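Structural description and commentary
Below are the chains, spelled out letter by letter.
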Amino acid sequence: KQWYQQQSTAGGVEQLPQLSKTSFPPCMRNIYEHFTEQHHIKHGARLQFCLYLKGMGLTMENVRTYWRSEFCKKMDLESYGKSGHDYTVRHLFGKEGKRSDKTPYGCMKIITSSVPSAGDCHGCPFKHMDADNLERKLASWKIPKIQVREILGLVSNQHYQIACSKYFQITHNKNGPGFWVEPPQPVLPGESEGTRECG
């Protein structure tokens, strides 16, 4: 089954603020918000997020422009040019190095990735955040307290993908089986629930 469907992103990076709230899975929403607030993300998050943006249909030039505009809120253009961030984007899009076509990370790769260090934001929030930070994060995303407790219960039993499914159901008012599957992907306006089913 083709899990990752190319999506139309006619609005380019201009759609990201809204999509991050309505359509991104929690792992990508967490990286996006960190990047927007700190204007920097570390290597693991750069790889995870860049490949996600590629998978949802942004062009390499879209991502290069977005990367430069965000990072350059904390560094000048010369420093950015020397940082290697632009090279990483080109590499992930198959334009540098071995020129191989990189694909977005699947859920299990994200869940089993290295534990984020201080100041990092890659990985799966349900697996890698402690309970207090996860509870605060879910509250900031307007998840009702009773459902936060339900998600935390799933997490405590190591049901990370089911917790992600529950987040999707809560935020999209769905009681069916629709949820993010491998690799995690955004739900865009007009997408039918059927495209979200796993099986």
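As a reminder, the structure under discussion sits directly above these lines.
Read on for a plain summary of the structure. (Residues numbered from 1 in each chain as written. Predicted model: local features only at pLDDT ≥ 70, side-chain atom pairs only at ≥ 80, totals over all residues. Heavy atoms only, no water.)

Here's the deal with the nonpolar core
Grouped together as the largest cluster of nonpolar side chains are 47 residues, with contacts concentrated most on Phe24, Ile41, Phe49, Leu53, Trp67, Phe126 and Ile151. For this core, the element with the most residues is helix α3 (residues 43–55), which contributes 7 residues. (Core = buried A, V, L, I, M, F, W, Y, C linked by side-chain atoms within 4.5 Å. Buried < 20%, exposed > 50% of the residue type's maximum accessible area, 1.4 Å probe, protein only. Helix = DSSP H or I, 4+ residues; strand = E, 2+ residues; numbered from the N terminus.)

Overview of helix α11 (residues 160–171)
Because an α-helix packs 3.6 residues into every turn, residues spaced three or four apart end up facing the same way. Along its 12 residues, α11 runs 17 Å from first to last C-alpha, staying within 8% of the 16 Å computed at 1.5 Å per residue. For α11, every residue scored as buried is listed here: Tyr160, Ala163, Cys164, Ser165, Tyr167, Phe168, Gln169 and Ile170. On its buried face, α11 sits against α2 (26–38), α7 (107–111), α8 (125–128), α9 (131–140) and α10 (145–156). Just downstream of α11 lies Asn173, where phi reads positive at about 50°. (Expected span 1.5 Å × (residues − 1). Contact = heavy atoms within 4.5 Å.)

Focus on the packing of α2 against α3
Contact pair α2 / α3: the axes reach a minimum separation of 10 Å and the direction vectors enclose 115°. Taken together, the axis directions place α2 and α3 in an arrangement best described as roughly perpendicular. Judged by the twist between their axes, the crossing of α2 over α3 is left-handed. Within the contact between the two elements, α2 uses Cys27, Met28, Ile31, Tyr32 and Phe35 and α3 uses Ala45, Gln48, Phe49 and Tyr52. (Axes fitted to C-alpha atoms, helices over the stretch in contact; angles between N-to-C directions. Parallel < 35°, antiparallel > 145°, perpendicular 65-115°, else oblique. Left-handed = near helix turned anticlockwise from the far one by under 90°.)

Some remarks on α2
Taking 1.5 Å of rise per residue, the 13 residues of α2 would be expected to cover 18 Å, and the 18 Å separating its terminal C-alpha atoms lies within 8% of that figure. Looking only at α2, the buried set comprises Pro26, Cys27, Met28, Arg29, Asn30, Ile31, Tyr32, Glu33, His34 and Phe35. Phi turns positive, to about 60°, at His39, one or two residues after α2.

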